[in-house]
Amino acid sequence: MNIIVLGGGRVGTAVALDLEKDGKFGVTVADQSERILEKFHEHHGIATIQVHLDDPRKVRRVVRRCDLVIGALPGAMGFATLEAVIAEGKNIVDISFCPEDPFLLDGAAKEAGVTAVVDCGVAPGLSNMILGHHDATMDRVDRFECAVGGLPEERTPAWEFKAAYSPADVIEGYTRPARLVEDGKLIVRPALSDTEQIEFPGIGTLEAFNTDGLRTLVTTMSVPFMKEKTLRYPGHVGKVEILRDSGFFETEPMRVGDAMVPPRALTSQLLFAQWELTAEDRDLTVMRVDVEGVEKGNKEPVRYRYELLDRYDEPTKTSSMARTTGYACTAVARLIEAGAYEHHGISPPEFIGRESKCFEAVMTDLAARGVVFDKTTSVVSDHGG
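Residues numbered from 1 in each chain as written. Predicted model: local features only at pLDDT ≥ 70, side-chain atom pairs only at ≥ 80, totals over all residues. Heavy atoms only, no water.

### Points about the environment of Glu337
Counting through the fold element by element, Glu337 comes out in helix H11 (residues 320-337). With 312 residues separating them along the chain, Glu337 and Phe25 place their C-alpha atoms 9.5 Å apart. Excluding residues that lie within four positions of it along the chain, Glu337 makes contacts with Met1, Lys24 and Phe25. (Helix = DSSP H or I, 4+ residues; strand = E, 2+ residues; numbered from the N terminus. Contact = heavy atoms within 4.5 Å.)

### Focus: the pairing of strand S12 (residues 225-232)
It is a general feature of regular strands that their side chains alternate between the two faces of the sheet. Of all the 8 residues making up S12, 7 are buried; the element is thus mostly covered by neighbouring parts of the structure. Note: strand S11 (residues 204-210) against S12, 4 bridges, orientation antiparallel. The partner of Ala208 across the bridge, within S12, is Leu231. (Buried < 20%, exposed > 50% of the residue type's maximum accessible area, 1.4 Å probe, protein only. Pairing = 2+ DSSP bridges.)

### What about the packing of helix H3 (residues 56-63) against helix H4 (residues 75-87)?
At a minimum axis distance of 9 Å, the contact between H3 and H4 shows a crossing angle of 45°. For the element pair H3 / H4, the angle class is oblique. For H3 against H4, the interelement crossing comes out right-handed. Of H4, the residues touching H3 (which contributes Pro56, Val59, Arg60 and Val63) are Ala80, Thr81, Ala84, Val85 and Ala87. For the contact of H3 with H4, the residue count by class is 7 nonpolar, 1 polar and 1 charged. (Axes fitted to C-alpha atoms, helices over the stretch in contact; angles between N-to-C directions. Parallel < 35°, antiparallel > 145°, perpendicular 65-115°, else oblique. Left-handed = near helix turned anticlockwise from the far one by under 90°. Nonpolar A, V, L, I, M, F, W, Y, C, P; charged D, E, K, R; others polar.)

### Let's talk about the pairing of strand S4 (residues 68-71)
Judged by which residues are buried, S4 turns out to be covered on both faces: Leu68 and Ile70 on one side and Val69 and Gly71 on the other are all buried. The pairing of strand S1 (residues 2-6) with S4 spans 4 bridges and is classified as parallel. If you follow Val5 over to S4, its bridge partner there is Ile70. Sheet topology places S4 next to strand S5 (residues 91-94); 4 bridges connect them, and they run parallel. Of the residues in S5, the one forming a bridge with Val69 is Ile92. With H4 bridging S4 and the parallel S5, this β-α-β connection has right-handed handedness. (Right-handed = clockwise from strand over helix to strand, strands pointing away.)

### Brief notes about the packing of helix H6 (residues 126-137) against helix H13 (residues 356-368)
Closest axis-to-axis distance for the H6/H13 pair is 10 Å, and the angle between their directions is 145°. Taken as a pair, H6 and H13 cross one another with a handedness that is left-handed. Facing Leu126, Met129, Ile130, His133 and Thr137 of H6, the residues of H13 in contact are Ser356, Phe359, Val362, Met363 and Leu366. For the contact of H6 with H13, a count of residues per class yields 7 nonpolar, 3 polar and no charged.

### Things to note about the environment of Ile86
With respect to the helices, strands and loops of the structure, Ile86 is situated in helix H4. Ile86 gets classed as buried once you look at its relative accessible area, which sits at 3%. Separated by 189 residues in sequence, Ile86 and Trp275 place their C-alpha atoms 34 Å apart. Once you skip the residues sitting within four places of it in the chain, Ile86 turns out to touch Leu105, Ala108, Ala109, Ala112, Val114, Ala116 and Ile346.

### A look at helix H10 (residues 263-275)
Taking 1.5 Å per residue, 13 residues should reach 18 Å; H10 reaches 17 Å between its end C-alpha atoms and fits that length. Those residues of H10 that fall on the buried side of the exposure criterion are Pro263, Arg264, Thr267, Ser268, Leu271 and Trp275. Looking at the buried side of H10, the elements it contacts are helix H7 (167-175), helix H9 (236-245), strand S13 (254-256) and strand S14 (259-261). (Expected span 1.5 Å × (residues − 1).)

### Points about the packing of aromatic side chains
Tallied over the entire structure, the rule returns 5 aromatic pairs. With a centroid separation of 6.3 Å and 80° between ring planes, the pair formed by Tyr174 and Trp275 is classed as edge-to-face. Residue Tyr174 is located in helix H7, and its partner Trp275 is located in helix H10; the two are separated by 101 residues in the primary sequence. For the pair Tyr174 and Trp275, a shared accessibility class is recorded, and that class is buried. Each ring, one from Tyr306 and one from Phe373, has its centre 6.3 Å from the other, and the planes form 80°; the classification is edge-to-face. (Phe/Tyr/Trp six-rings, centres within 6.5 Å; stacked < 30°, edge-to-face > 60°.)

Okay, structure coming up:
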């Protein structure tokens, strides 16, 4: 199988190298940056194509001869790329987390006979799979909560934060209204709202706040209570709120001298130098997923808790966020390659989780790469609201 990875950033690199190790894929990486593509030259099993992927016509040309596409581009490019790949009739596993509703392309994907797995990262991604798995096996699910964050191991001022992906996508997550489900009703709250402190073993106290991480779950799942929160070191939210409230995240261009400048574009450029995860930085990924409900044949509600604490991998020099996101993606790519998962149309990760063998295969694949969840079960004594 010939696989092309669109985007050679940290996550795209982790995906390409992981698939190359299998020895049964022809792997190609496409990116506009010659500097980014240079790092693949030492890996003789990986071909490269230098191309500007912001043009859907060029996307269609570069994917034409492949069997499977991996989408690892910034969110702003994700939807147009997904649409172009579907139009070319190619299966795709995508991690771009585009702001548009991917189900707008469901009809086109079905008509083309394409399996298009979207949001296939850690969260959204693995969190969706966990919920999908329990939704399929339990009598009912009453509550789903996810808290997740990528953090630097070393807390350096002023932000105590590093990003393994585009700062523009980080800012998008800090500004896009967060959708939650409360008592069966869709609720919209501002991003960064409902800040709370959460304790995590091995890390300590972290700050959790609302973000729009439920995504497809708000339409594919009938769970009365669902929420997703992002995790940062304490104090980060207050600093970001100052930028937001001062207009630094606005997208409408404003005049600066003789030029018209969108404040968010300038902010992204300025923060890149401060938020960029460099080769010397070590990061970690922390996630907690709670699924509450009632098992078939039982009356007593239970809580399944999945906790993940993943760290930078020294032997492979791979960031934790690239590992957790990228290896979730490659695990699903292997399912498609093996014919173990075939769902024509848009397929969010919860659809994969519903199929027990696929869910187990993904978890086994991750564990083989050191991405291991600690799963516990307890009786729920108080549902709360």
